[in-house]
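So you can see what is in the structure, the chains are spelled out below.
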Amino acid sequence: MQCSLKMRKEGRSPESNYQDGQWNLVHLKFLTDFMEETGLTTASVAELVGISRQAVYYWFKKDDVKISMIYNLFEAYGYKIEFDLIKERAADGEPARVEMAVERKQTTGKRLEFLASALKRYNIYREDISPKMGIGNTTIYYWLSHDDVFISYIYQLAEVAGLRLSIKITPNKDIM
């Protein structure tokens with residue numbers, strides 16, 4: 001899976017997931033697709049969330065970022081992003097289903113409400129999936145109580161639980 005977001009500095013040595021002028025991403029592919037669609041650059045993303053451009057490159061290098069940064073970025077740019085875990089498995093092999101500009105109501109302000117809801121909805125017990133993920137039994141509780149987690153763990157949890165990550169991106173009507 002390749003993403004065509006171009007790295008601006010030509011003389012850099014390629015990182016492990018940056019080859020032939022493209023980031024090869026899984027977890028953050030939706031973000032680079034959104035950036036391409038809206039014309040955002042790494043510099044503008046960094047400015048929107050108040051971090052350095054190098055920090056944004058680090059996200060892409062590691063193909064990971066805390067979900068709170070994703071929410072902050074989309075909110076700052078005037079968009080709403082919603083995550084959900086669903087039973088549907090992809091025939092196309094894609095680990096996430098991404099929809100842009102599709103309406104849906106948000107129920108609360110908690111970032112990880114979708115995770116708690118999916119665990120309850122599908123009768124998934126933290127004690128059962130924690131060992132399969134290689135994390136401690138209290139880790140998922142910690143994520144939920146602190147309302148933050150690295151996005152790669154969401155993908156991993158979905159895989160272990162037989163779920164698929166659903167990502168919906170819509171313009172935030174409250175800002176417009």
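You'll find the structure just up there.
Residues numbered from 1 in each chain as written. Predicted model: local features only at pLDDT ≥ 70, side-chain atom pairs only at ≥ 80, totals over all residues. Heavy atoms only, no water.

Now for the overall build of the protein. If you tally the helices and strands in the protein, you get 8 helices and 5 strands. If you list the helices and strands of the protein from N to C, you get β-β-α-α-α-α-β-β-α-α-α-α-β. When each of the 176 residues of the protein is scored for burial, the buried share is 43%. Across the protein, the fraction of contacts at a sequence separation of at least 24, relative to all contacts at a separation of at least 6, is 71%. Put simply, the protein shows about 9500 Å² of open surface, and 48% of that area lies on carbon and sulfur atoms. (Helix = DSSP H or I, 4+ residues; strand = E, 2+ residues; numbered from the N terminus. Buried < 20%, exposed > 50% of the residue type's maximum accessible area, 1.4 Å probe, protein only. Contact = heavy atoms within 4.5 Å. Areas by Shrake-Rupley, 256 points an atom, 1.4 Å probe, with all protein chains shown as cover.)

So, on to the packing of helix 1 (residues 29-38) against helix 4 (residues 67-76). Describing two packed helices takes the angle between their axes plus the distance from one axis to the other. One can describe the packing of helix 1 onto helix 4 by two numbers: an axis separation of 12 Å at closest approach and a directional angle of 15°. When the axis of helix 1 is compared with that of helix 4, the two are roughly parallel. Here helix 1 runs over helix 4; the crossing is left-handed. Residues Phe30, Leu31 and Phe34 of helix 1 form the contact with helix 4, whose participating residues are Ile70, Leu73 and Phe74. A per-class count over the contact of helix 1 with helix 4 returns 6 nonpolar, no polar and no charged. (Axes fitted to C-alpha atoms, helices over the stretch in contact; angles between N-to-C directions. Parallel < 35°, antiparallel > 145°, perpendicular 65-115°, else oblique. Left-handed = near helix turned anticlockwise from the far one by under 90°. Nonpolar A, V, L, I, M, F, W, Y, C, P; charged D, E, K, R; others polar.)

Moving on, we get to the nonpolar core. Core analysis: the biggest nonpolar cluster contains 49 residues, and Leu28, Phe30, Leu31, Phe83, Leu85, Phe114 and Leu115 have the highest contact counts within it. With near-sequence residues (within four places) excluded, leucine 115 lies in contact with Leu85, Trp143, Leu144, Ile154 and Leu157. (Core = buried A, V, L, I, M, F, W, Y, C linked by side-chain atoms within 4.5 Å.)

On to the pattern of salt bridges, then. Side-chain pairs of opposite charge can arise whenever the charged atoms involved come near each other. Per the counting criterion, the structure on display carries 3 salt bridges. For lysine 29, the salt bridge is made with aspartate 33, and the minimal N-O distance between the two is 2.8 Å. In this pair, lysine 29 and aspartate 33 are both assigned in helix 1, 4 residues apart and thus about one turn of the helix distant. Its relative accessible area of 27% is what places aspartate 33 among the partly exposed residues. Residue arginine 111 is joined to aspartate 147 by a salt bridge in which the shortest nitrogen-to-oxygen separation is 3.9 Å. One end of the pair, arginine 111, is in the loop between strand 4 (96-100) and helix 5 (113-121); the other, aspartate 147, is in the loop between helix 7 (139-146) and helix 8 (151-161), with 36 residues separating them in the sequence. Using a relative accessible area of 11% as the deciding quantity, one classes aspartate 147 as buried. (Salt bridge = Lys/Arg side-chain N within 4 Å of Asp/Glu carboxyl O.)

To continue, consider the side chain of serine 130. Looking at the element boundaries, serine 130 is found in helix 6 (residues 126-133). Of the residues examined, serine 130 reaches a relative accessible area of 0% and is grouped as buried. A polar contact is formed between the side chain of serine 130 and the backbone oxygen of arginine 126, at a distance of 2.7 Å. Not counting chain neighbours up to four residues away, the residues in contact with serine 130 comprise Ile135, Gly136, Asn137 and Ile140. (Polar contact = N/O pair within 3.5 Å; in protein donor to acceptor, adjacent residues only side chain to side chain.)

Any functional reading would require information that these geometric values do not contain.
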